Amino acid sequence: RSMGVPIDEPVIALIEDVAERWSVDRERIYVTGQSMGGAGAWYLAAEYPDLFAATMPICGFASPSFADSLASVPAWAFHGEIDNGISVQFSRDMVAAIRAAGGSPRYTEFEGIGHACAPLVFDDPNVLEWLFEQRKK
């Protein structure tokens, strides 16, 4: 929810509409985003763990209370070590909480990098290789 407005419902409706209209492998639907989009990636994966095959939040933030829901969702979180926009501690805490809940999230922290680290994520062919290997069980 953003400022009291439920944003997940239209996003999920859009995903469902696209999946119905086009040839979408429902076992390989992913959610990713940076900054507030990273927060949305954590949130949507936690709220709809049966929909998403994986999540990749970049410089995101979320409540560790989501950890139990996220333990079953493959996740790879990224954050810049010196992010002045969203503290790196949010990603560190989220990853630790998911691990404590029995999950196995991956985590990459970019040393000496700030908030704009998305190009580093998507320029790495290993990232997309990992992502596209993820499928719903």
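Residues numbered from 1 in each chain as written. Predicted model: local features only at pLDDT ≥ 70, side-chain atom pairs only at ≥ 80, totals over all residues. Heavy atoms only, no water.

**Q** Summarise the pattern of salt bridges; cite the residues concerned and give the values.
**A** Overall, the coordinates contain four salt bridges when judged by the stated rule. For Arg-21, the salt bridge identified is with Asp-17, shortest N-O distance 2.9 Å. Taken together, the residues span about one helical turn, with Arg-21 and Asp-17 both in helix 1 (residues 8–21) at a distance of four residues. Residue classification places Arg-21 among the exposed residues on the basis of a relative accessible area of 62%. In this structure Asp-17 comes out as partly exposed when scored by relative accessible area, which is 31%. With its nearest N and O atoms 2.7 Å apart, the salt bridge here joins Arg-92 to Glu-109. Residue Arg-92 is located in helix 4 (residues 88–100), and its partner Glu-109 is located in strand 4 (residues 106–110); the two are separated by 17 residues in the primary sequence. (Salt bridge = Lys/Arg side-chain N within 4 Å of Asp/Glu carboxyl O. Helix = DSSP H or I, 4+ residues; strand = E, 2+ residues; numbered from the N terminus. Buried < 20%, exposed > 50% of the residue type's maximum accessible area, 1.4 Å probe, protein only.)

**Q** Give a detailed account of unusual backbone geometry, specifying residues and quantitative values.
**A** Even without glycine at this site, Ser-35 takes up a positive phi of about 65°. Examined against the element boundaries, Ser-35 turns out to sit in the loop between strand 1 (30–34) and helix 2 (36–47). The phi torsion at Cys-59 lies on the positive side, around 50°, for a residue other than glycine. Looking at the secondary structure, you find Cys-59 in the loop between strand 2 (54–58) and helix 3 (67–70). On the basis of relative accessible area, Cys-59 is assigned to the buried category, the value being 0%.

**Q** I'd like a description of the packing of aromatic side chains, backed by residues and values.
**A** Under the definition given, this model contains six aromatic pairs. Taken together, the ring pairs connect Trp-76, Phe-78, Phe-110 and Trp-130 into an aromatic cluster. Here the guanidinium or amino end of Arg-106 rests over the ring plane of Trp-76, the centre of that ring lying 3.9 Å away. (Phe/Tyr/Trp six-rings, centres within 6.5 Å; stacked < 30°, edge-to-face > 60°. Lys NZ or Arg CZ within 6 Å of the ring centre and 35° of its normal.)

**Q** Account for the environment of Val-24, with residues named and values stated.
**A** Note on placement: Val-24 falls in the loop between helix 1 and strand 1. The contact partners of Val-24, leaving out residues within four places of it in the chain, are Val-18, Ala-19 and Ile-29. (Contact = heavy atoms within 4.5 Å.)

**Q** Which residues make up helix 6 (residues 125–133), and what values go with them?
**A** Residues of helix 6 that are buried: Val-127, Trp-130 and Leu-131. Here the buried residues of helix 6 occupy an arc of 100° about the axis, which is enough to place them on one side. Facing away from the buried side of helix 6 by over 90 degrees, the exposed positions are Pro-125 and Glu-133. The elements touched by buried residues of helix 6 are strand 1, strand 2, strand 3 (76–80), strand 4 and helix 5 (118–122). Capping the start of helix 6 is the job of one residue whose side-chain oxygen sits 2.8 Å from the backbone nitrogen of Asn-126: Asp-124. (Arc of directions from axis to C-beta. Polar contact = N/O pair within 3.5 Å; in protein donor to acceptor, adjacent residues only side chain to side chain.)

**Q** Residue-level account of the pairing of strand 4, with values.
**A** Sheet topology note: the strand 3/strand 4 ladder contains five bridges and is parallel. What sits directly across from Ala-77, in strand 4, is Tyr-107. Remark: the strand 3/helix 4/strand 4 crossover connection has right-handed handedness. (Pairing = 2+ DSSP bridges. Right-handed = clockwise from strand over helix to strand, strands pointing away.)

**Q** Got a sec to walk through helix 1? Specific residues and values, please.
**A** The terminal C-alpha atoms of helix 1 lie 20 Å apart, and with 14 residues this matches the ideal 20 Å at 1.5 Å per residue to within 8%. In this structure, the buried side of helix 1 is in contact with helix 2. (Expected span 1.5 Å × (residues − 1).)

**Q** Talk me through the state of the cysteines; I want residue IDs and the actual numbers.
**A** Evaluated as defined, the whole model comprises zero disulfides. Among the cysteines around Cys-117, which has no disulfide bond, Cys-59 carries the closest sulfur, lying 3.4 Å off. The exposure class of Cys-117 is buried, given its relative accessible area of 0%. (Disulfide = S-S within 2.5 Å.)

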